[in-house]
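Listed here are the chains, written in short residue letters.
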Amino acid sequence: MTPSNRLRAIIIGGGPVGLMAAHTFYRAGINFVLLERRNALAVFEAGGAGIAIMANTLRLLAQLGLLEAVEASGTHMRPGTVVTSDGRPFSTLDTLGWCSEFHGTGWVMVHRPELMQLLYGALPDEIRQHLFPRKDVTTIEMTEDGVVVWCTDGSVERGSIVVGADGAHSKVRDCMRRIALQESSKAALNEEKPFVATYRQKLPEPTRERRRYTEQDMKSFMEELGHAHCTSTLRLNDLYQAQTSCYLTDLHKGLIHHFHHGRIVLVGDAVNKQTYNTGQGWNTGVQDVVVLTNKLWTLMEDETDLDAPISQGKIEAAFGLYQRDRDPVVQQAVKASEMFTRTEAWNHWYDWFTDRHILPRTGGLKWIYRAFLAPANVNAQVLGFLEENNRPSGTIPWLHSTERS
Ligand SMILES: Cc1cc2nc3c(=O)[nH]c(=O)nc-3n(C[C@H](O)[C@H](O)[C@H](O)COP(=O)(O)OP(=O)(O)OC[C@H]3O[C@@H](n4cnc5c(N)ncnc54)[C@H](O)[C@@H]3O)c2cc1C
């Protein structure tokens, strides 16, 4: 689709959510640039966790023509066995069986750097020219008819909207807060540090700070916990010895109240942070991008004067609809991830009793998936302006199809 000049988006952050925004904006014909502070977008970097891709995102990847490549670089998750720290099996996680039954496809596990390389590589050459590495954004200003973005190298970008896809410790979110505060001391604001971490292994105190762990921290962690089993035969230490990349991180969680202000809107981890236990973080960010793209596409299509720039009022209204659709879904996702983390960490005796004894004996995990994760999956949107072929289908019907939303 030929990009429209009526709206120019500046996407900040070329992580897995920012790269998905590049794909959906390109397909919607939204003119954009993407600014990423790392040195390169395409270089394969060691590090980064595996990302489990859920049925709804697989459905979207099929719509974008990326599914085959993602499946080839990842692996369909097979049933997993959960063991005690001394290696005794007590529970089975058959996500393949459950999701095939409910949605017609299981989860695909991909290494995050490979996923990013694939997403970047799949963009056409002429679109990749709009993605810039070494652009560390420091300041954003809103003018009467647009936005201005400054980077540490002194470069400046001008556009009609900013899309903050710059992760949990988002600079865009900080700028949005500062702008709202400058406009009115009574403005409704997000918290300055909205996400809190209670777990790594359980932390002595919850923290809102971003802690960077060193090699030595990892070694100390392994000395304390490396004896714990990951399978009946392998201990954490065995994996650590064989690792090619490894990092230690606190698990922040939380959700902001205001997803947008003026011409600035946030997506992905900048909006919500989930603990990894439900494997929903990227999947949730992809849905943010899909819903936002649908709203912007509708805005560009519905205007009567197809040559005029879109007004700030209409942009704000579209951002409002985006938050209206996403807020309840994301709230539920954050709560579910928190609940799973507490239960799996055996935070209280009843978490231990539920996880260790009740769920394995009753087949309850499948019904927990059915109650807490499946609804978000089937409620997911696809791009309203693209055809959809080969949609997977299971016993729970998808709630949205390819129509304007
Ligand atoms: C251990 C672990 C396991 C996980 N497992 C899963 C899983 O199985 N399934 C799943 O869906 N999710 C999973 N997640 C979550 C998933 O990794 C995140 O939700 C996802 O990476 C969020 O992507 P993002 O692009 O929003 O943010 P990020 O990945 O944080 O990317 C943000 C990007 O913005 C750039 N940036 C930051 N500041 C600036 C700036 N000032 N200027 C320019 N660029 C900037 C950064 O360099 C980065 O490239 C897991 C997370 C962890 C920690």
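These notes cover the structure that comes with them. Being a predicted model, the structure only gives us computed values, none of them experimental. (Residues numbered from 1 in each chain as written. Predicted model: local features only at pLDDT ≥ 70, side-chain atom pairs only at ≥ 80, totals over all residues. Heavy atoms only, no water.)

Re the pairing of strand E7 (residues 108-111)
The side chains of a regular strand alternate, first on one face of the sheet and then on the other.
Working step 1: Burial of E7 is one-sided: the residues Val108 and Val110 facing one way are buried, the residues Met109 and His111 facing the other way are not.
Working step 2: Where strand E3 (residues 50-53) lies against E7, four bridges are found, and the strand directions are antiparallel. When the bridges of E7 are listed, Ile53 appears paired with Val108.
Working step 3: Of the pairings in the sheet, the one linking strand E4 (residues 75-76) to E7 comprises two bridges and is antiparallel in character. Along E7, the bridge assignment pairs His76 with Val108. (Buried < 20%, exposed > 50% of the residue type's maximum accessible area, 1.4 Å probe, protein only. Helix = DSSP H or I, 4+ residues; strand = E, 2+ residues; numbered from the N terminus. Pairing = 2+ DSSP bridges.)

Looking at the packing of aromatic side chains
Working step 1: Within this structure, the stated rule accounts for 10 aromatic pairs.
Working step 2: Seen from their ring centres, Phe25 and Phe32 are 6.3 Å apart, and the 75 degrees between their planes marks the pair as edge-to-face. In this pair, the class of Phe25 matches that of Phe32, namely buried.
Working step 3: Between Trp98 and Tyr369 the ring centres are 6.1 Å apart and the planes differ by 35 degrees, which places this aromatic pair in the tilted class. Taken together, the residues Trp98 in helix H4 (residues 95-103) and Tyr369 in helix H13 (residues 364-378) connect sequence positions 271 residues apart.
Working step 4: Look at Trp98 and you get buried, because its relative accessible area is 9%.
Working step 5: Residue classification places Tyr369 among the buried positions, given a relative accessible area of 2%.
Working step 6: Directly above the aromatic system of Trp398 lies the positively charged group of Arg59, at a separation of 4.7 Å from the ring centroid. (Phe/Tyr/Trp six-rings, centres within 6.5 Å; stacked < 30°, edge-to-face > 60°. Lys NZ or Arg CZ within 6 Å of the ring centre and 35° of its normal.)

Here we look at the environment of Met176
Working step 1: Take Met176: it is sitting in helix H7 (residues 171-183).
Working step 2: On the basis of relative accessible area, Met176 is assigned to the buried category, the value being 3%.
Working step 3: Residues Met176 and Asn190, 14 residues apart in the sequence, show an inter-C-alpha distance of 9.1 Å.

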